[in-house]
Protein chains: 2
Amino acid sequence: MADAEIEVIRRQLASHPRPADLAERRWRLDALGQQYSLPPDVRVEKVSANGVAAEWTTTPQANPARVILFLHGGGYISGSLDSHRHMIAEAGRQAGARTLALDYRLAPEHPFPAALEDAMAGYRFLLAQGIAPAHVAMAGESAGGGCAVAALVALRDAGVALPGCLWCSSPWVDLAVSGGSIEAKAAVDPLLGKPYLLELAAAYLHGADPLTPLASPLHADLRGLPAMLIQVGSAETLLDDAVRLAGVAGGADVPVTLRIWPDMIHAWHLFYQQVAAGRRALVEVGAFIHAALG
Amino acid sequence: MADAEIEVIRRQLASHPRPADLAERRWRLDALGQQYSLPPDVRVEKVSANGVAAEWTTTPQANPARVILFLHGGGYISGSLDSHRHMIAEAGRQAGARTLALDYRLAPEHPFPAALEDAMAGYRFLLAQGIAPAHVAMAGESAGGGCAVAALVALRDAGVALPGCLWCSSPWVDLAVSGGSIEAKAAVDPLLGKPYLLELAAAYLHGADPLTPLASPLHADLRGLPAMLIQVGSAETLLDDAVRLAGVAGGADVPVTLRIWPDMIHAWHLFYQQVAAGRRALVEVGAFIHAALG
């Protein structure tokens, strides 16, 4: 039995024609986020995080010493602070943490490893602010989820103290687009099909090998990474990215929680104001981060 | 950094020579369970569950209307009520439920589908006792975990109302023994290697195809199964059985929680009196069952 609320979202998504070009694609995702009002008790503050455009959100529930560092989704070519502000602010509320969202550089103008470098710079900014590594939750959605995993690998290799936990929603960790669900879920995923994923991968990789561990962290050595919550919907072509990431991370002795949400579509947290399963997923995130950061 | 408590267990396991024959194998597993004392507040009561030898455990914490139906591990050829009594009694305490453990028939004397038939008979017994399906947690460890999944598939196909949830610890769901972790984790798994798993599979299958869905439920259609908690250790050759089960179940729109526990070995819950991660895993089981059964 399908989730009635996500069906409404499916119909909304299907009512728009496909974006004609990159500019329209970016505009569309930003507009999606901006159709949702921000609760009046959310404080938003722009900041330059080591040169990366960023913004804080704070709710009355936030312990100022706890921070979610967030990398938005959008396939490395779209998405912004505007597209995800409403969602990450609510995640911060549930986690009792401030959030710092990064407006990392996008492809094709800024291909790999620009996003990764910005994620690392944002994390170092937090530490320079006096935030304890163990009080940071690294986080990302879709491409941002893959970039978050890659950033922790690169930070570990650079000898930097890692954050207390990692939350990935609908992570994209395989730019070779080789998961079995790419075909198996093509008919039910309203957002991501193989041709589009390959187009996104090409824009970000800019000629780099899709198996490059820091671009496709499914192929990275994940040893030493902190406790990881991976959330994914069952109606996603990227389902197997999440499942395989769980296997690779768990196999490297990372404490892993994989949660597969029936009927949910890619990045369904964005629709939390209309979809109860989105709200429940954010409650789950909050409980995970509370437990991990103390 | 390895878990010091599980290292003690590893040394204990390594101090015994391999069992010489089937009788010694069975004796060894029963002795493992019986070295642990049962807390004095656990009430144990033998029962015939539709002709299947079984026993109830009840703790003061148990709501009598909630039941965990448990299938022990032991590779379909060993294990008994004695080997797992201490562990399942504690799971029942954590879940606030009675437990009914089945002494299902073992191979090679009773090959597939004997265990499966006994699991189904045990479930029907509970319903005949007036227990509501939604108040039953199906559960199994290792081979018992695979059998629990298969039993739900067969019960669904028989039109029987399914239980409220399913808990599998270290499930064995692929009797073809084809997971990547079979080789990748061979050096760190103190209990299960490929030759032994193939021997167990042959004993249970008795000539049946290892891809038979009701023997290897990784290959079954899992649509309609209830919320599933899968727990597995990172030091298990069966790690990929758990990960792949999560993917297949999640892809069939089953609500899935996969938890991968660093350093833990196969069926580590059995050692909960010595290993804190075993106790924490049982607390997790209790929370899952509480949430699922209400």
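Our structure's up above, just so we're on the same page.
Residues numbered from 1 in each chain as written. Chains lettered and ligands numbered in written order. Predicted model: local features only at pLDDT ≥ 70, side-chain atom pairs only at ≥ 80, totals over all residues. Heavy atoms only, no water.

Draft legend 1. Here's a closer look at the overall build of chain A. On a plain count of helices and strands, chain A comes out with nine helices and eight strands. If you line up chain A on its principal axes, its C-alpha atoms span 45 × 45 × 35 Å. Considering chain A as a whole, with its 294 residues, one finds that 62% of them fall into the buried category. Restricting the contact set of chain A to residue pairs at least 6 apart, pairs at least 24 apart contribute 80%. Of note, chain A has its 22 positive side-chain charges centred 4 Å away from the centre of its 29 negative side-chain charges. (Helix = DSSP H or I, 4+ residues; strand = E, 2+ residues; numbered from the N terminus. Buried < 20%, exposed > 50% of the residue type's maximum accessible area, 1.4 Å probe, protein only. Contact = heavy atoms within 4.5 Å. Lys, Arg positive; Asp, Glu negative; His and termini not counted. Charge placed at Lys NZ, Arg CZ, Asp CG, Glu CD.)

Draft legend 2. Expanded view of the pattern of salt bridges. The final tally for this structure, using the stated rule, is 30 salt bridges over all chains. As a salt-bridge pair, glutamate 24 of chain B and arginine 28 of chain B come within 3.1 Å of each other at their nearest N and O atoms. With glutamate 24 of chain B and arginine 28 of chain B both in helix H2 (residues 22–34) and four residues apart, the pair spans about one turn of that helix. By relative accessible area, which is 27% here, glutamate 24 of chain B ends up partly exposed. Among the salt bridges present, the one from arginine 93 of chain B reaches glutamate 90 of chain B, with a minimum N-O distance of 3.1 Å. Of this pair, arginine 93 of chain B and glutamate 90 of chain B are both found in helix H3 (residues 81–95), three residues apart, which corresponds to roughly one turn of the helix. Overall, the relative accessible area of 13% leaves glutamate 90 of chain B in the buried class. A cluster of three or more residues bridged by salt bridges with shared partners is formed by Lys46, Glu55, Asp82 and Arg85 of chain A. (Salt bridge = Lys/Arg side-chain N within 4 Å of Asp/Glu carboxyl O.)

Draft legend 3. Expanded view of the relation of the copies chain B and chain A. Superposition record for chain B on chain A: RMSD 0.0 Å, screw rotation 180°, translation along axis 0.0 Å. Within this description, the copies of the chain are treated as partners about a two-fold rotation axis. When C-alpha distances to the rotation axis are compared across chain B, the minimum falls at leucine 258 of chain B, with a value of 2.5 Å. Mapped onto chain A, 100% of the interface residues of chain B again fall at the interface, so both copies present the same surface. (Least-squares fit on C-alpha atoms with pLDDT ≥ 70 in both.)

Draft legend 4. Highlighting unusual backbone geometry. Residue and element names in this part refer to chain A. The residue after alanine 107, namely proline 108, is reached through a cis peptide bond having omega 0°. Along the polypeptide, proline 108 turns up in the loop between strand E4 (97–102) and helix H4 (114–128). Residue proline 113 is reached from phenylalanine 112 by a cis peptide bond, and omega for that bond is 5°. Mapped onto the elements, proline 113 comes out in the loop between E4 and H4. Backbone geometry at asparagine 50 places phi at a positive 55°, although glycine is not the residue there. Tracing the backbone shows asparagine 50 in the loop between strand E1 (43–49) and strand E2 (52–58).

Draft legend 5. The arrangement of the nonpolar core in detail. Residues Leu100, Trp172 and Leu258 of chain A together with Leu100, Trp172 and Leu258 of chain B are the most contacted members of the largest nonpolar core, which totals 146 residues. For leucine 100 of chain B, the residues in contact, after removing those within four places along its chain, are Val47, Ala49, Ala54, Glu55, Trp56, Val67, Ile68, Leu69, Phe70, Gly122, Phe125 and Leu126 of chain B. (Core = buried A, V, L, I, M, F, W, Y, C linked by side-chain atoms within 4.5 Å.)

Draft legend 6. A look at the interface of chain B and chain A. In this assembly, 18 residues from chain B lie in contact with 18 residues from chain A. Summed over the three residues of chain B that lose the most area to chain A, namely Asp253, Ile260 and Pro262 of chain B, the buried surface amounts to 28% of that side. Between the two partners, chain B and chain A, sit zero salt bridges. For the side of chain B that touches chain A, the secondary structure elements donating two or more residues are helix H8 (239–251) and strand E8 (256–261) of chain B. (Buried area = accessible area lost by both parts, 1.4 Å probe.)

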